[in-house]
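# Structural overview for review
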2 protein chains.
Amino acid sequence: MFESAEIGHRIDKKTFEAEEPVLRQALLEAQYLLKQQGRFAVIVLINGVEGAGKGETVKLLNEWMDPRLIQVNTFDQQTDEELARPPAWRYWRQLPPKGRMGVFFGNWYSQMLQGRVHGHIKDAVLDQAIDGAKNLERMLCDEGALIFKFWFHLSKAQMKARLKSLRKDPLHSWRISPLDWQQSKTYDKFVRYGERVLRRTSRDYAPWYVVEGVDPAYRSLTVGRILLEGLQAALAAQAPPSGQAHAAPLTASLDNRGLLDSLDMRQALAKDVYEAQLASEQARLSRLLRDKAFRRHSLLAVFEGNDAAGKGGAIRRVAAALDPRQYRIVPIAAPTEEERAQPYLWRFWRHMPARGHFTVFDRSWYGRVLVERVEGYCSPGDWLRAYGEINDFEEQLVEAGVVLVKFWLAIDEQTQLARFQEREQIPFKRFKITEEDWRNREKWPEYRDAVGDMVDRTSTRVAPWTLVEANDKRFARVKVLRTLNDALAAAFGDD
Amino acid sequence: MFESAEIGHRIDKKTFEAEEPVLRQALLEAQYLLKQQGRFAVIVLINGVEGAGKGETVKLLNEWMDPRLIQVNTFDQQTDEELARPPAWRYWRQLPPKGRMGVFFGNWYSQMLQGRVHGHIKDAVLDQAIDGAKNLERMLCDEGALIFKFWFHLSKAQMKARLKSLRKDPLHSWRISPLDWQQSKTYDKFVRYGERVLRRTSRDYAPWYVVEGVDPAYRSLTVGRILLEGLQAALAAQAPPSGQAHAAPLTASLDNRGLLDSLDMRQALAKDVYEAQLASEQARLSRLLRDKAFRRHSLLAVFEGNDAAGKGGAIRRVAAALDPRQYRIVPIAAPTEEERAQPYLWRFWRHMPARGHFTVFDRSWYGRVLVERVEGYCSPGDWLRAYGEINDFEEQLVEAGVVLVKFWLAIDEQTQLARFQEREQIPFKRFKITEEDWRNREKWPEYRDAVGDMVDRTSTRVAPWTLVEANDKRFARVKVLRTLNDALAAAFGDD
C-alpha cells in the first residue's frame, strides 16, 4: 500500500512554478462556489508519518485558498468536557457546516493508531474502531459531506533523514515535538497498523490518498490536484456528492398486525395504588441518580408517542423526582438553520449529557423515521438508512456508559379523540392542540406502520424500546419511572 | 434590607391551597405565551442563605410550570474550557434564547460573594464585580431580557435551626453539602456582603426580591406571584420589556473633519522593502505565539475597514506566518436564527479563543455601529448604547488576559473605485464584488461619520483602534503585522 510512496517522487521547480498559480486560482474558485452553493461540507483528514509534511501542506493550502472558509481542528488532549461524553462528541462539535471546509488533524484515525502502537488497545478493539470510522464516514457522505483522507508517507530512512534536517534548522526545530521523536522508534509498528487501517477504510465514498512526503513540490501539487478534482466533480454534480441510497421499501406485515396491536391497552392503576407506586419509584430514581455509580454514567431518556399520549405529563412526573440541577429537558421541534447545515444527528449530539447528568429528549432523532417519513420531509433513501445510523449512534452512547432508555407511549384512536376534545375545551390546555394535531390524526395508519418499522429495526439488545400502554395515564407514568429505575440499577450492577 | 425577611412570614394551609392551582395555571399560560411570542428571554437568578429553600423553590417552579421550557443552570466548578476564557463566558454560553426561561443557580453574585467572604478578594474588587454585574444586567435588559433576582433569606437562628432539621431528615440530608455547613460559620460576613451587593445592584430594570425562606408556603407563593406579575406585564407590553434608550443623536463635528481625514494616505512601501519587512514581522509573530508567555494570554484581532480595503489580503498575510492549528478566522455575516434569539454580543462570545489561541474576526461586533446604524437594521437607541456595551465587553476581555487588537483599514474613494473595477474584470475575483458593494459605496459619507463616531467612542486605552492607511496594500499589511507583534510584546512585558 505504501510502496509507491517510497520511490522518491519529485517535481521540478519549473513545472511547479507553472502549475501552482493555475491550481491556486482554481481552488479559490471552487471554494467560493462551495460557499455559494452551500450544499455540502468538505472534511479533510490529515494523517501519516511524522515529518512527512502534514503541517506544511495544510499551511500551504491555507495560503492558496481563502483561510476564512477553512477551519483547521486539532484533537490533542481531550478537555474535561470532552472526557465526560462519548468519544465521538469532540468530532461532532467541530464538524464544518455546509459550504465550508474543515481540516481534521489528530482525528479518529490518529487516536486508534496511537492506541494500538502504544499497546493501549489490541487488534480486536482496533478493528472495532475501524468499523466505527467506516460507519461515521459512510453516514457523513450520505448526508452530503465530501471527505478527503490524506496519508502523508515517508520510508523509515526518509523519516529519519527528515527529522534530522529539521532539527538542524533553527527556524523549524520547534516543530518537532517529543511525540515526533518517539515515532522514529515506533515507525515499523505505526506503518504496519497504518496499513491495516487504510486497507479497511478505503472505500469508494471516502478513499485514502497516500502522498509521498519527501518533496514539498510533489506533495503540495498532489494534494492540491486531488482536492481540486474532487471539489469540481462534487460542485458540478446535480445530486449530493454521495450516491443516493438504493433502498427497497419495507414490506408491510401480511396480516396487518404489528407489535402495537399486541399491547394490552386496558392496563390501568387505581388512584391509591398509583400514588403509592409513583412516590416509591420517584424516591428510587432520586436515590439512583445520587448513587456514586452514576458518576460513571449518564442517563438519556427518549420520549416518543402518539400525539396526546401523555409524554409531557410523564416527563413532569420524572422531573418531579429530581433536583432541577440534575436534568435537562430538550424539546425537539423543527431544526434551526445551523442545525440544517449539519448532518442529521448533529442536533442531538450537541445536547449529549456529561457523566453524572440526565437529559430527557421530548421527541428525538426518531423524528427521521416517523414524522419526516410520513410527511415526506426527507427522501425514502434518507429514512431507510436512518435505522442503521441510529443503531450505530446508540451503540456508541451505550458503549461510553450512557444509560439509554426509549419510550413509545401508545394510545388508541378513541382515547386520542377524547383527549383532543378535552384540550379544546379547557382554556389552559388550548396551547397543546393545533390544527396540525388534527391533520396528523388523519394519518393514523401511516404513523402506525412507521412506528412498527421503527420498533422492529431499532429495538436492539443494546438499546431496546419500551412500549408503554398509555390509555391510562397513571399506568404509563409508573411504568416509565420503573423502567428508568430498572435500567439504572442494571447498569450499576454491571459495572 | 433583610429585616423584613426575618419576621416570620407565614401563609396558612387553606390560603395556600386556594391560591396554588390558580397561580399555577396562570404561570403555565404565561409560559406558553412567552414561547409563542418569542420576543424576550426570562432570566431568574437564585441567591441567598443556605437552607432558605432555593433548591426547593426551583423544584416547585419546575413542577408548576412546563419544565420543557425552563433550563436550570448551575455554575459550580469551572471546566477547563471555561477556565481558559474570560469569566463571563460560562454565563453567556448558557443564556436562554428568546421565548425561554433560564434559571441561574450559582451565578455571578455567588461567585463574587464567595470570593469576598473567603477573603480571596477585597472590597475594591468586589465593587468592580458589582459594577460588572450591573453592566451585564443593564445590557441584557436593553436586549429585551426580563430578569428576576431572588434572594432567599433566613436569620442566623433560622438558618441554624433549618440545617439541623434537614440533617435529621434522612430523605433530605443529602441536600446539605459541606459548603452549606461552612456557611453557618460565615453567616455574618455573607449577609453583610450580601447586603452591599443587593443595595448596589437593585435597579429599576432588575430589582432584587428578598424572600423569607422559613415557611415553604409563603416563599413559594411569593416567588410565584412575583414571577407571574412580571411575566404578565412584560407579555402585555407592546415594546420590549425594558425601557427604550432615550438617546440624543451624536453631533457631527463642526468642520466636517474627522480622524480619518488626518491620515496620510500616501504612505507606501517599495516591493523589496515590503518583502523584507513582511518576512521579518511574520517571523516575529510566529515566535511570539510560540512564546511561553502566550499560554497566559489569547490574541483577538478585529478587522474592519472600507469595502475593498484589503482586509482579506491582510488576514492572509497574518495567517501565512502561523501554523493553521493556532488560529481561527471567524467571518461575520448576517446572524443566524439562533444568534438572533440571543443578545447582540452572544455571537461573538461563542467564538472566544481559549488561552494560547488566536482568533481573527473578519468584521465584528462593530457591525452594530457601522452597517446596522447606516442601513437602519437596528434602532438609534440600540446602536447608541452599543458603544458603552462594547467598551464594557472589551474591558472584560483585556482584564482576562486577551490581547485585543482592532484595525480599521482605510482607503479613499478613488482607490475603492479602482479596486471595484478591477474585481469586476478579473474572473476569480468576481466573487468579491456584489451589487451591495456598489450600493454601500453610495453611502460613503454616512459610513465616514459612523467610523468617526466609532473610533471616537471606542478607542480606549484598554482597547485602542489602529487606523491603517491602506491605499498601499503593502504598507497596510506590514503595519497590521507590526501592530499585532507590538501588542503581544507589550502584553508579555507587562506580565
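Residues numbered from 1 in each chain as written. Chains lettered and ligands numbered in written order. Predicted model: local features only at pLDDT ≥ 70, side-chain atom pairs only at ≥ 80, totals over all residues. Heavy atoms only, no water.

### Re the relation of the copies chain A and chain B
Between chain A and chain B, the superposition needs a rotation of 180 degrees and an axial shift of 0.0 Å, giving an RMSD of 0.0 Å. In the structure described here, the two chain copies are related by an operation that fits a two-fold rotation axis. When the interface residues of chain A are mapped onto chain B, 100% of them again fall at the interface, so both copies present the same face. (Least-squares fit on C-alpha atoms with pLDDT ≥ 70 in both. Contact = heavy atoms within 4.5 Å.)

### A closer look at the interface of chain A and chain B
Taken residue by residue, the interface counts 54 residues in chain A and 56 residues in chain B. Both faces combined, the contact of chain A with chain B buries some 5,000 Å², and carbon together with sulfur accounts for 54% of it. Its largest share of buried area at the contact with chain B, chain A owes to A:Arg68, A:Arg316 and A:Phe431, together 15% of the area lost on that side. On the surface where chain A and chain B come into contact, there are six salt bridges. The partner of A:Arg68 in a salt bridge is B:Asp362, with the nearest N and O atoms 2.6 Å apart. Scanning the region where chain A abuts chain B turns up 25 residue pairs in polar contact (both at pLDDT 80 or more). For the side of chain A that touches chain B, the secondary structure elements donating two or more residues are helix 1 (13-37), helix 2 (54-64), strand 2 (70-73), helix 3 (80-83), helix 10 (271-290), helix 11 (311-319), strand 7 (327-331) and helix 12 (337-340) of chain A. In terms of residues, the side of chain A that touches chain B owes the most to one element, helix 1 of chain A, which gives seven residues. (Buried area = accessible area lost by both parts, 1.4 Å probe. Salt bridge = Lys/Arg side-chain N within 4 Å of Asp/Glu carboxyl O. Polar contact = N/O pair within 3.5 Å; in protein donor to acceptor, adjacent residues only side chain to side chain. Helix = DSSP H or I, 4+ residues; strand = E, 2+ residues; numbered from the N terminus.)

### Points about empty space enclosed by the protein
Residues and elements named next belong to chain B. Evaluated as defined, the whole model comprises nine cavities of 30 Å³ or more. There is about 100 Å³ of room inside the largest cavity. The wall of the largest cavity is formed by 13 residues, among which Ala 41, Pro 96, Glu 143, Ala 145 and Pro 343 lie closest to the centre. Here the residues of the lining of the largest cavity are counted per class, giving nine nonpolar, two polar and two charged. Quantified by volume, the second largest cavity comes out at close to 80 Å³. (1 Å grid on protein atoms, 1.4 Å probe; cavity = no way out; pocket = protein on both sides within 12 Å on 5 of 7 lines; lining within 4 Å. Points joined across faces, edges and corners; volume = space filled by probe spheres on them. Nonpolar A, V, L, I, M, F, W, Y, C, P; charged D, E, K, R; others polar.)

### Side note on the pattern of salt bridges
Residue and element names in this part refer to chain B. According to the stated counting rule, one finds 79 salt bridges over all chains in the structure shown. Taking the shortest distance from any N to any O, the salt bridge between Arg 266 and Asp 264 comes out at 3.2 Å. Across the salt bridge formed by Arg 385 and Glu 389, the nearest N and O atoms sit 2.4 Å from each other. Separated by four residues within a single helix, Arg 385 and Glu 389 lie in helix 15 (residues 380-399), roughly one turn from each other. The class for Glu 389 is buried, based on a relative accessible area of 11%. (Buried < 20%, exposed > 50% of the residue type's maximum accessible area, 1.4 Å probe, protein only.)

### Side note on the sheet that holds strand 3 (residues 101-105) of chain B
Residue and element names in this part refer to chain B. Taken in spatial order, the five strands of this open sheet run 2-3-1-4-5, and their pairing is parallel. Taken across any chain shown, the strands that pair with only one partner, and hence form the sheet edges, are strand 2 (70-73) and strand 5 (208-212). Mean inter-strand twist for the sheet, computed between neighbouring axes without regard to direction, equals 20 degrees. For strand 2 and strand 3, the ladder comprises four bridges, and the chain directions are parallel. When the bridges of strand 3 are listed, Ile 70 appears paired with Met 101. Helix-sheet contacts for helix 6 (residues 123-142) involve strand 1 (42-48) and strand 4 (146-153), and the interaxial angle to strand 4 is about 135 degrees. (Pairing = 2+ DSSP bridges. Axes fitted to C-alpha atoms, helices over the stretch in contact; angles between N-to-C directions.)

### What about the layout of surface pockets?
Residues and elements named next belong to chain A. Considered as a void within the structure, the second largest pocket measures approximately 1,100 Å³ in volume. If you trace the second largest pocket, you find 34 residues lining it, with Pro 87, Gln 128, Ala 129, Gly 132 and Gln 396 closest to the centre. Of all the secondary-structure elements, those providing two or more residues to the lining of the second largest pocket are helix 4 (89-92), helix 5 (108-117), helix 6 (123-142) and helix 15 (380-399). When residues of the lining of the second largest pocket are assigned to their parent elements, the largest contribution, nine residues, is made by helix 6. The residue makeup of the lining of the second largest pocket, split by class, is 18 nonpolar, nine polar and seven charged.

### Regarding helix 5 of chain A
All names here are of chain A. Judged by how many residues are buried, helix 5 sits mostly within the fold: eight of 10 residues are covered. Within the span of helix 5, buried status applies to Trp 108, Tyr 109, Ser 110, Met 112, Leu 113, Gly 115, Arg 116 and Val 117. Gly 119 sits one or two residues past helix 5 and shows a positive phi near 75 degrees.

### Some remarks on helix 9 (residues 216-236) of chain B
Over its 21 residues, helix 9 of chain B extends 30 Å from the first C-alpha to the last, a length consistent with the 30 Å expected when each residue adds 1.5 Å. Of all 21 residues making up helix 9 of chain B, 15 are buried, and the element is well covered by its neighbours. (Expected span 1.5 Å × (residues − 1).)

### As for the packing of helix 17 (residues 435-442) of chain B against helix 18 (residues 444-458) of chain B
Residues and elements named next belong to chain B. Two elements in contact, helix 17 and helix 18, have axes separated by 5 Å at closest approach and are oriented at 75 degrees. Comparing their axes, helix 18 and helix 17 come out roughly perpendicular. Residues Asn 440, Arg 441 and Glu 442 of helix 17 lie in contact with helix 18, whose contacting residues are Trp 444, Pro 445, Glu 446 and Tyr 447. Class assignment for the residues of the contact of helix 17 with helix 18 results in three nonpolar, one polar and three charged. (Parallel < 35°, antiparallel > 145°, perpendicular 65-115°, else oblique.)

### What to know about unusual backbone geometry
With glycine set apart, most residues show a phi of negative sign, and most peptide bonds adopt trans. All names here are of chain B. In this structure, Ala 308 is a non-glycine residue whose phi angle is positive, near 70 degrees. What makes Ala 308 buried here is its relative accessible area of 8%. Positioned with a positive phi, Arg 363 is a non-glycine residue whose angle comes to about 70 degrees. Along the polypeptide, Arg 363 turns up in the loop between strand 8 (358-362) and helix 14 (371-374). Looking at Arg 363, the relative accessible area reads 30%, which means it is partly exposed.

### Considering the sheet that holds strand 10 (residues 465-469) of chain A
All names here are of chain A. Across the sheet, five strands lie side by side as 7-8-6-9-10; this open sheet has parallel pairing. Because the sheet does not close on itself, it has two edges, and the strands there are strand 7 and strand 10. For this sheet the average axis-to-axis angle between neighbouring strands, irrespective of direction, equals 20 degrees. Where strand 6 (residues 298-305) and strand 9 (residues 402-410) come together, eight bridges link them in parallel fashion. Among the inter-strand pairings, Val 302 is bridged to a residue of strand 9, identified as Lys 406.

### Quick look at the side chain of B:Arg162
All names here are of chain B. On the secondary structure map, Arg 162 appears in helix 7 (residues 156-168). The exposure class of Arg 162 is buried, given its relative accessible area of 18%. Among residues more than four places away in sequence, those in contact with Arg 162 are Gly 51, Gly 53, Glu 56, Leu 154 and Arg 219.

### Overview of the packing of aromatic side chains
One pass over the full model with this rule turns up 50 aromatic pairs over all chains. Judged by centre distance (5.6 Å) and plane angle (75 degrees), the rings of B:Phe348 and B:Trp365 are edge-to-face. Taken together, the positions of B:Phe348 in helix 13 (residues 346-349) and B:Trp365 in the loop between strand 8 and helix 14 put the pair 17 residues apart, joining distant regions of the chain. Of the two residues examined, B:Phe348 and B:Trp365, each falls in the buried class. One aromatic cluster is present, built from ring pairs that chain together A:Phe2, A:Phe75, A:Tyr91, A:Phe104, A:Trp108, A:Tyr109, A:Trp151, A:Phe190 and A:Trp208. When the ring centre of B:Tyr193 is taken as reference, the NZ or CZ atom of B:Arg192 above it lies at 5.0 Å. (Phe/Tyr/Trp six-rings, centres within 6.5 Å; stacked < 30°, edge-to-face > 60°. Lys NZ or Arg CZ within 6 Å of the ring centre and 35° of its normal.)

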